[in-house]
Structure formats: structure tokens, C-alpha cells
Amino acid sequence: MDTQKKSKIFLNPLLKENPILVLILGLCPVLGVSETIDKAIGMGMAVILVLFCTNLVISLIRKLVPNEVRIPIYIVIIASFVTMVQMLMNAFTPELAESLGAFIPLITVNCIILGRAEAFASKNSVGDSILDALGNGFGFLIAVFLVAFFREFLATGGWKLSNPFTNSTIFEIRPLADFAIPLFGQNTGAFLTLGIIIGIVTAIRMSSEQRKTLKAKKEVQ
Amino acid sequence: MKFSMSPAPFLRRKRTTLAIMLELTIALALVWLASIIYYFTIGTNHGLQAILIGIVSTATMMVVEFLFYLPKCIKDGKEAVSKNSELNCFKETMNAMGYKLSHSFGWVSGLILALLLPVGTPLYVVLVSAVIAILVGKLLFGGFGYNIFNPAIVGRIFAQLCFGTSLAYGVEESASGFTAFTGATVTSQLSNNNWMTTGLDIDLWKLLLGNYQGTLGETFTLLILVIGVVLAIRKVIDWKVPVFYVGTLYLASLISGFCGGYGLGSFEYALIQISVGGIMFGAVFCLTDPVTNPTSPSGKVIFAVGAALFTFVIRYFASAPEGVAYSILLMNMLTPLIDRCIKGFTTKKLLPKWGVIGGIMLASMVLGVSSGFVNHEAYDVEYRKQNEFSSVIKKVEDNVYHIEVQQGEKGQIWSKVEMNVTLDLTNRTVTKIEIISYGANGGFGDALLTGGEIKFNTDGDEYTSFPKEKEPIAMAFYDKYIKLESPLAFDEYLNLYSKGNSLSAWSSEAKNVIRVGATYTAMGFIYGVCEVINYAGGAQ
Amino acid sequence: MKNLWENKFVRLPLSLAAVCLVFSSLLALTNFVTDPIIASMQEEKEKKAYEVLYGEGNISSREEVTFEATDNINSITKVVTTDNVEHYVYNLSTKNVISGDFNFLAGIKDGKVDAYSFIGVENNNNYGFAEFSNGKDRLVGYDGSNFSIVSGATNTSNGFKTALDAALAHYASLSAEA
């Protein structure tokens, strides 16, 4: 019973309550870094790291933090961790840091991080908070990767993956390079792709919910 | 929000939307047929391309609609079977789908989109634009009756934004199938000449009868006019919208013609303005879409006048020949607002008070815009600027054009060429090139343009960095493109230029010809010749 | 003690201060760890460039010179080589070169460029870069008036010329003061 609840904490944010596709939180970095899957994966990793650290720390000190100043304290914690991640990225993955540019410091004001800190980490135990952080982080990564997957394919006709630590290409395939639609590499394409993906996910979600209520009704009868 | 096409009372005659749309389809098919015939007279590949574009566009839209409505129709089919188990599930699904498709009128948007695209559009562009048009423009908003924007226009704008350079106005047959090339249409010629007709050879009757190249639907303006009148009489489309749209545009062009000093010629000038650029087509078929324009009659009038003013402004000040499409989208956005403002005032009570005020406002706007701000200078020299190239073209004699090309600006001039280009438009060849002056900084470019005569810098010393191994390549370039012992076809120059006008594109693609160490000079020269060809209208 | 803690004027600032202290120290720690790595990456690139300038191991002393910031000049170092000759080494960046800007070092002595080398550019298949690359010595001997634009690399040559002009202007101002 307990493990089921714990696994739910991790699994829910992945798809069913995905912070970006379902809760529609923190769309700004999604639109900004989803041009290539390289950038998307890099950003996703950074967000996972920040979420993990902040949730851990905040749930550790949750009993000591006075209620009136909890928001400033959370923000100090989040900002420090983001700065640390940025410094580490500048040192160990310089090309990725340069291509992500201003979006790394923008993780600080990402709704997901403060939202999870406020809604979950400040009220639950350390273990649960860590699971929640990982779940939401991977949910973010899945969403950004999905958008980047389609955007890069439509905008350049293929994909390119490279190792951020050594800047060497792992693979690069561009099967449809002649039919590329450069519009999807720009902001218009970002909005279009994100909108269509959110639409499809919502449609699937609603139809599965309808099916569940129908089933429940049938069982009652 | 399902819009009905006329105000109360609604119990008039038994005429379904389907019947009205069928008449509209017949009209569109007539226009399409006319354009196919016209393009067949130019060449079989043109005609075939025209047919294919129409088929691809309509078929794609129907397929997308089918796929989109499939889940719901399967569900309906299953429900019908569960209620009456004698029915066949597949048949019921097909019944539901048939009903849905025939009331969603996808093929109408398909035909309109096909008629909005030029004949040289590659088929994959048509496919992608059709998918986006029907999906983003109509289905995602809720299907027929719920869309805000005209789906065909959405597809057209998408094609323009993503594939702008592929929308070619001519199709050429080559060994590997069709290759498209861009050229000067009458619309772009007019827009380059600041929408004045002096110096340009435009025959009104030729325009009306479709002897120029534009999009598929632009060709037979007169035919569209006749069809529009017939449709209005049969109450398929509302007459107010096209009449007020074309009327306002005519009025604005008339006034701007008077102010430009055309005198009585303004009437013909204004007629030319409204025959060009798909205005007639947009007025009759796109603006009158009953879903996307306001319900009330006075709302429709405001809609039409607004669209006309937007078209006028976009054409004159933003030099975008496709002003019609953008203005239609803009007014579609404003339709709910117009509806809300006019709510309840659809009776005749409105006319005296608002009519007078509206009329005065309209007149003053038209007067102000057209006379005050429009630049009435017709250029008898043609100024062009593209990226870092700027050129001045002047017609010296029949078929002889003088052009000065300069590349670079702000103290960093990279190449300069001044030459007289003699063209033979009937055979589409360049017959003579006379280099009048060039950069003369002792660079390799001078050697290129003069066929190796200039090898020294201005101090009289031989060049310090003359890459001798590139000399034969440069001389071959000179012999082929500049010396012209025999006339050279337009396409030889156009193909070099159409490969891209940025340095990196040329360097990688036309290496053997262009990258002889005089990159900028060669680029400037080729650019100059191609601009003259385009200006003379020879790129068709 | 408990009563002190209940007083909110003590509790709130104290907790804020505590958090800030802890995290600033964490940040300082991370900075301490990563800064040398970042700096060393940049230094390695510059060191390679310096070695190319005057040969390995020929530099006996280096001294930074302060200057007014301009577009092209990143830093100026006064370098004394082992034969006791003073050179001014300018760390320059070209601006507005179409195919990509370059970051390079140029050593100036007696109003003339006597050596130059690129920082951090290893494989660049740009024709312009190939013409100016480290071995070619094209910029050597430039004193403000005798720049020869390389045919086929006009844009890149102009970029270098502008950067070098800025450096030479600064050098001239130095000797004017002296």
C-alpha cells in the first residue's frame, strides 16, 4: 500500500500530471530550448538536478522555516542552486551552456520548481520529496524532448545528438533535409508544435477518462 | 457559434447549406478549368501542374478530414449497432463519416487554396500547406462553422512564410522533371515601381483576360467578375462584401491616381489596380466565406471596407504584393468584435445616422490615406536593394539596359560594376555585355571583368596576391559570361543566381565558376545581369 | 531561549540570515571549484596562441596594460622576450566578419605588426582563415598603410584590417605619451 503510493508520486508527473503538457506550467523554457534535441536533453538534465537539490533541501528544513518568510527562503535556495548548476555547466559543458544561453538562469523563475517546493516539498518527507522531484523533472524532460523531436525533424529534416561533456557527435541523421520547413525552427513553429502536442495529449487524456467513467457506470449497473 | 447567412426571418425557402456550397464548388471548378486551359496554352507541363495542384490540395484536405473524424464516426457506428444489432458496423461508420464530410465542405477550401497558389509550386509544398490549412485553420477550431480564419488563406500564408522562394510562377521542364523558377509577375513589377504604371507595359485587356502569370486563380479576372455577379444573383454569396471591397479599393486608387497627376487616366489606372494581385478572386471567394465574416449586413460592410483599407495600406507601404491575403486574415480576426459592436442594430434604423457618419469617415480616410501619404513618384530609374546588393537600372534603348551594381555599404564597398546589358527577349538570350566601369582597386576582380587586361594595382606594380592557378578558371568565366561571342541564354545566369545570394551559398555550390578569387565582383556581376533580366520581364 | 525564538522579530531575520549564510558559502565553494577550470580553459587557449607568437619559452615577462575599452581590443599585455625586446601584444577580436569572427593575438613593435596567432581556432575550413592562418604570416609588417587585401577573402581581410587599425592606433597613442 505504501509502496504503491510512493510509486504513484513518481509516476504521476511523468505523463498523467505532466507539469508541462497537463498542468501547463513553465512553458517559457520549453518554447525557448526545444529547437534541437541536444538543447532539450541538456536543459532537462539541468532542471532535474535543480529540482532534486531544492526539493531535498527544502523538505529537510521544512520544520525549521518560519511560515512568514518561507517564500524568500525558498527563492534564495533555488537561486543558489541554479547558479551552482550554471557554474558547473560553464566549467564542464561549455558549448551546451553557451547554446542554452540565458535559459539556465531562467530556471530560477520556472513555475515548476517553486510550485513543487511550495506544494509538496514543504509538507512531505524527504523521501517523498525526492521522488516527486525526480518525477517532475523527468516529466519536464519528456515534454521538452517530445517538442524538440518534432521541431528538429520538421525544421532540419533530421536529428543530431552530441555528448555535452566532450562536444563530440554521437550520431547525426538527416533523412529529409531537402524538405525542411525552417519555420519550425523559429518561434512560430514552437508555438504551433507545442499547441498541437498539448492538444493531442489532452484529447487522449479526455477520451481515456470518458472510457473510465463509462466503465465505472457499467460496473455499477 | 454557427453563423447563418442572413438575418431573421429564417423560414424562407428550403435551401440547405449543402446546396449553396455545391453551387460555389461549381463556380470554383469553372475558374480552375479556365486556368488549366490557359496554362495548357503555355505548355503542357504547366497545364498538368495546374491540374495536379488542384487534385493534391483537395485530396489532402479530404483525407485529413477523414482521419480527423474517424474516431468519432467509429464511436457513432458502434452506438448505432448497439441500439439496433441488425446494422453493419462498417456501414454505419461510413454513413456517419459521409454525413460529416459532406457537411464539413473540405473540398471547397481545397479548391480555393489550389487557386491561390502559383503554378510552379512544388507538390510537397501544396501537400503540407493543405494539411496545415485544414488542420490548424478549421478542424482544430471545431470544424465547419466554428473557424475564425479562412482556412485556404491560412494555408496560403503558411506556404508563403515557409516556402516563399519555392512559390514559383513558371515551370520548366528539365531532364529530371520539373524545375521551377521565379520571375517578375505583374504584381511584383508594379510593386517595385511603387505601384505606378509609368514606364511599365501593362495592357488592361490583357490583364483582364488572363494573359499574365500570377496564381492559378488570378488569371481570368473578367471571368471571376461574371461568376461573382451570377453567384450574387443566385444569393450564394452576399453581394455587399465584394462590392464594397472592390469599390473602396477602386475609390482609393482613383484618388491616389488623381493626386499622382494622371488626370483622366486615373480611371484606367484604378481599374488596373483592382485587376492585379488576386483582388477579384479574394473578393468573390475568400471574403464572402459566410463563417468568417460578420452576420449583420452593416457588419459586412464594415468588414469589406476595413479589408480594402488594409489591402491598400499593405500594398503601398509594405510593398508586399500579397496584401490581399494578410488583410483578409486581419479582418477575420476582427469579425467577432464587429459583431459585438453591431449587436442589435441590424435594422434600417441604423442607416440614416450611422450611414452619414460612416460615409464621412470613410471618405475622409480614403482621401487622407491615398493623397497624403502615398508616394507618387514613379521611378523611371529602378532602384533595387537586396541584402547587401543595391543597383540602379535604367532603360537606355529598346532592349538595352544600363545598370550600376554596388555591393556593400558604409565605407565597406566590396564590388562595383557598371555595365550595359543588351537582351533579346524573344529568344531569351543576352546578346552583349559592355563593362563601363568597375572597382578599379587593382583587385583580381578587375582582371575578371576585363578578361585579364588589368593585372596591376593602381600604383603600377603587379599584384601582390594574384593567384595564378586561378587564372584559367577566371578567363573561362570571362569568355563564357562576359565576352559573349555568341548569345547566352538567360537561364545560364539565372541558374547561377538562383542558387543563393549569400556568400556561403555561392562558395559551396558554384565553386568552379564563382570562387575564382574574385567572389564579390563575380557575384555583383551575375546579380546585375539577373536583375536586368528580371526588370525586363524576361524571367518568364 | 524558547521565548526569544517565539518573538517573530528574532525568528524571521535569524532564519533568513542563516539560510543566506549557508548558501553563500555553498556558492563560494562551487565557485572555488569551477572557476579555475573555466579560467584554465581560457588560459590554455591563450597560452597556445602566445607560444605561436614568439616561439615556445621565449617570453620572460608579461605585464598587463590598462586601456580604454574599444570594440576590437580585448586586452593588452606588455611582453618582454628573452632577448630583452619589448613587444605589445594585443588580444583582438574581429567584428562583423560574415563567416565568423576571429579572436587573435597581434604583437606590435615599433609601429609594425611583427607576429600574430589565433586563439582557440583549430579547424576552420573558411578560405579567409586559411589564407591568414598561423603559418602564412600575412599580417606581419603591417603598419597602418600597406594592407593588401587577399583576393577571394575580401571580407575577412577587412575584418582583420579594422581590428589591427584599432591596435595600431592605441600603440601610436602610447608612444605619443612616452
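Residues numbered from 1 in each chain as written. Chains lettered and ligands numbered in written order. Predicted model: local features only at pLDDT ≥ 70, side-chain atom pairs only at ≥ 80, totals over all residues. Heavy atoms only, no water.

Student: I keep staring at the overall build of chain A and nothing clicks. Help me out?
Tutor: Scanning chain A from terminus to terminus reveals eight helices and two strands. Scanning chain A from its N terminus toward the C terminus, one meets helices and strands in the order α-α-α-α-α-α-α-β-β-α. Relative to its 221 residues, chain A shows a buried fraction of 42%. Long-range contacts, defined as pairs at least 24 residues apart, comprise 72% of the intrachain contacts of chain A with a sequence gap of at least 6. As displayed, chain A has an accessible area near 11200 Å², and 68% of this comes from carbon and sulfur atoms. (Helix = DSSP H or I, 4+ residues; strand = E, 2+ residues; numbered from the N terminus. Buried < 20%, exposed > 50% of the residue type's maximum accessible area, 1.4 Å probe, protein only. Contact = heavy atoms within 4.5 Å. Areas by Shrake-Rupley, 256 points an atom, 1.4 Å probe, with all protein chains shown as cover.)

Student: Which parts of the structure should I look at to understand the interface of chain A and chain C?
Tutor: A common way to express how large an interface is: the accessible area buried when the components associate. Contacts between the two partners involve 19 residues from chain A, matched on the other side by 16 residues from chain C. Buried area between chain A and chain C, both sides added, is near 1500 Å², and the carbon and sulfur share of it is 87%. Where chain A packs against chain C, one counts one salt bridge. Residues E68 of chain A and R11 of chain C are paired through a salt bridge, measuring 3.9 Å at the closest nitrogen-oxygen approach. At the boundary of chain A with chain C, the tally comes to zero residue pairs in polar contact (both at pLDDT 80 or more). (Buried area = accessible area lost by both parts, 1.4 Å probe. Salt bridge = Lys/Arg side-chain N within 4 Å of Asp/Glu carboxyl O. Polar contact = N/O pair within 3.5 Å; in protein donor to acceptor, adjacent residues only side chain to side chain.)

Student: Help me understand the state of the cysteines in this model?
Tutor: Here a disulfide denotes a covalent bond joining the sulfur atom of one cysteine to the sulfur atom of another. Residues and elements named next belong to chain A. Summed over all chains, the structure comprises zero disulfides over all chains. Summary of cysteine pairing: C111 is not part of a disulfide, and the nearest cysteine sulfur, belonging to C28, is at 9.3 Å. With relative accessibility at 42%, the residue C111 sits in the partly exposed group. (Disulfide = S-S within 2.5 Å.)

Student: Would you take a moment to explain the nonpolar core for this structure?
Tutor: Side chains of a nonpolar character, in soluble globular proteins, are inclined to be buried together. Residue and element names in this part refer to chain B. Core analysis: the biggest nonpolar cluster contains 85 residues, and L231, Y245, F281 and F285 have the highest contact counts within it. No other element matches the 10 residues that helix α1 (residues 17-42) contributes to this core. For this core, the two domains that each supply at least three residues are domain 1 (13-183) and domain 2 (187-380). Those residues in contact with F285, other than ones at most four positions away along the chain, are L24, A27, L28, V31, I112, I224, I227 and L231. (Core = buried A, V, L, I, M, F, W, Y, C linked by side-chain atoms within 4.5 Å. Domains from an automatic or database assignment.)

Student: Mind showing me how you'd approach unusual backbone geometry here?
Tutor: All names here are of chain A. Located in the positive-phi region is I24, a residue other than glycine, with phi close to 50°. Considering the arrangement of structural elements, one finds I24 in the loop between α1 (2-11) and α2 (27-33). Given a relative accessible area of 39%, I24 falls into the partly exposed group.

Student: Can you help me understand helix α3 (residues 37-60) of chain A in this one?
Tutor: Think of an α-helix as 3.6 residues a turn; residues three or four steps apart then line up on the same face. Between the first and last C-alpha of α3 of chain A there are 34 Å, a value that for 24 residues agrees with the 34 Å anticipated at 1.5 Å per step. The element α3 of chain A is largely enclosed, with a buried count of 18 among its 24 residues. (Expected span 1.5 Å × (residues − 1).)

Student: Help me understand the packing of helix α7 (residues 126-156) of chain A against helix α8 (residues 187-220) of chain A in this model?
Tutor: How two helices sit against one another is set out by the angle between their axes and by the gap between those axes. Residue and element names in this part refer to chain A. Running from N to C, α7 and α8 point in directions that differ by 125°, and their axes come no closer than 10 Å. What the angle tells us is that α7 and α8 run oblique. Two packed elements cross with a definite hand, and for α7 against α8 that hand is right-handed. Contact residues: L146, V147, F150 and R151 in α7; G189, A190, T193, L194 and I197 in α8. Per-class residue counts for the contact of α7 with α8 are six nonpolar, two polar and one charged. (Axes fitted to C-alpha atoms, helices over the stretch in contact; angles between N-to-C directions. Parallel < 35°, antiparallel > 145°, perpendicular 65-115°, else oblique. Left-handed = near helix turned anticlockwise from the far one by under 90°. Nonpolar A, V, L, I, M, F, W, Y, C, P; charged D, E, K, R; others polar.)

Student: Explanation requested: the environment of T429 of chain B in the structure shown.
Tutor: All names here are of chain B. Here T429 is to be found in strand β7 (residues 429-438). Residues T429 and P487, 58 residues apart in the sequence, show an inter-C-alpha distance of 5.8 Å. Excluding anything up to four places from it in sequence, T429 contacts L423, D424, P487, L488, A489 and F490.

Student: Hey, could you run me through the packing of aromatic side chains in this one?
Tutor: Geometrically, a pair of aromatic rings is defined through the distance of the ring centres and the angle of the planes. Tallying each qualifying case throughout the model produces 10 aromatic pairs over all chains. Where F281 of chain B meets F285 of chain B, the ring centres are 5.2 Å apart and the plane angle is 45°; that geometry is what we call tilted. Linking F281 of chain B with F285 of chain B, this pair stays in helix α12 (residues 279-286), spanning four residues, or about one helical turn. Take F281 of chain B and F285 of chain B: they sit in the same class, and that class is buried. An aromatic cluster of at least three residues, connected via ring pairs, comprises F145, F149, F150, F153 and W159 of chain A. (Phe/Tyr/Trp six-rings, centres within 6.5 Å; stacked < 30°, edge-to-face > 60°.)

Student: Quick question: what am I supposed to make of the environment of L96 of chain A here?
Tutor: Residues and elements named next belong to chain A. By the secondary structure assignment, L96 is in helix α5 (residues 94-100). Note on L96: relative accessible area 12%, which makes it buried. In the structure, L96 is positioned 69 residues away from F165 in sequence and 8.5 Å away in space, judged by C-alpha atoms. Here L96 is in contact with D38, K39, G42, M89 and P164, once residues within four sequence places are set aside.

Student: Teacher, can you tell me more about the packing of helix α4 (residues 70-92) of chain A against helix α6 (residues 111-121) of chain A here?
Tutor: Residue and element names in this part refer to chain A. At a closest axis distance of 11 Å, the pairing of α4 and α6 adopts a crossing angle of 130°. Classified by the angle between their axes, α4 and α6 sit oblique to one another. Here the hand of the crossing between α4 and α6 comes out right-handed. Each of R70, I71, Y74, I75 and I78 in α4 lies in contact with α6, whose residues at this interface are I113, L114, A117 and E118. Residue composition of the contact of α4 with α6, grouped by class: seven nonpolar, no polar and two charged.

Student: What's the story with a positive patch on the surface in this structure? I'm lost.
Tutor: Residue and element names in this part refer to chain A. Taken together, K8, K16, R211, K212 and K215 make up a surface patch of like positive charges. By the element assignment, K215 lies in helix α8. Judged by relative accessible area, K215 falls into the exposed class, the value being 56%. (Patch = residues over 30% accessible without salt bridge, like charges linked within 9 Å, V, L, I, M, F, W, Y side chains within 5 Å. Lys, Arg positive; Asp, Glu negative; His and termini not counted. Charge placed at Lys NZ, Arg CZ, Asp CG, Glu CD.)

Student: Please clarify how the confidence of the model for chain C should be interpreted in this entry.
Tutor: Interpretation of the predicted coordinates at a detailed level should be avoided for regions scoring low in pLDDT. Averaged over every residue, the pLDDT of chain C is 73; the share at 70 or more is 66%. The least confident element of chain C is helix α3 (residues 127-132) of chain C, whose mean pLDDT is 62; the most confident is helix α2 (residues 8-54) of chain C, at 83. (pLDDT = per-residue confidence, 0-100.)

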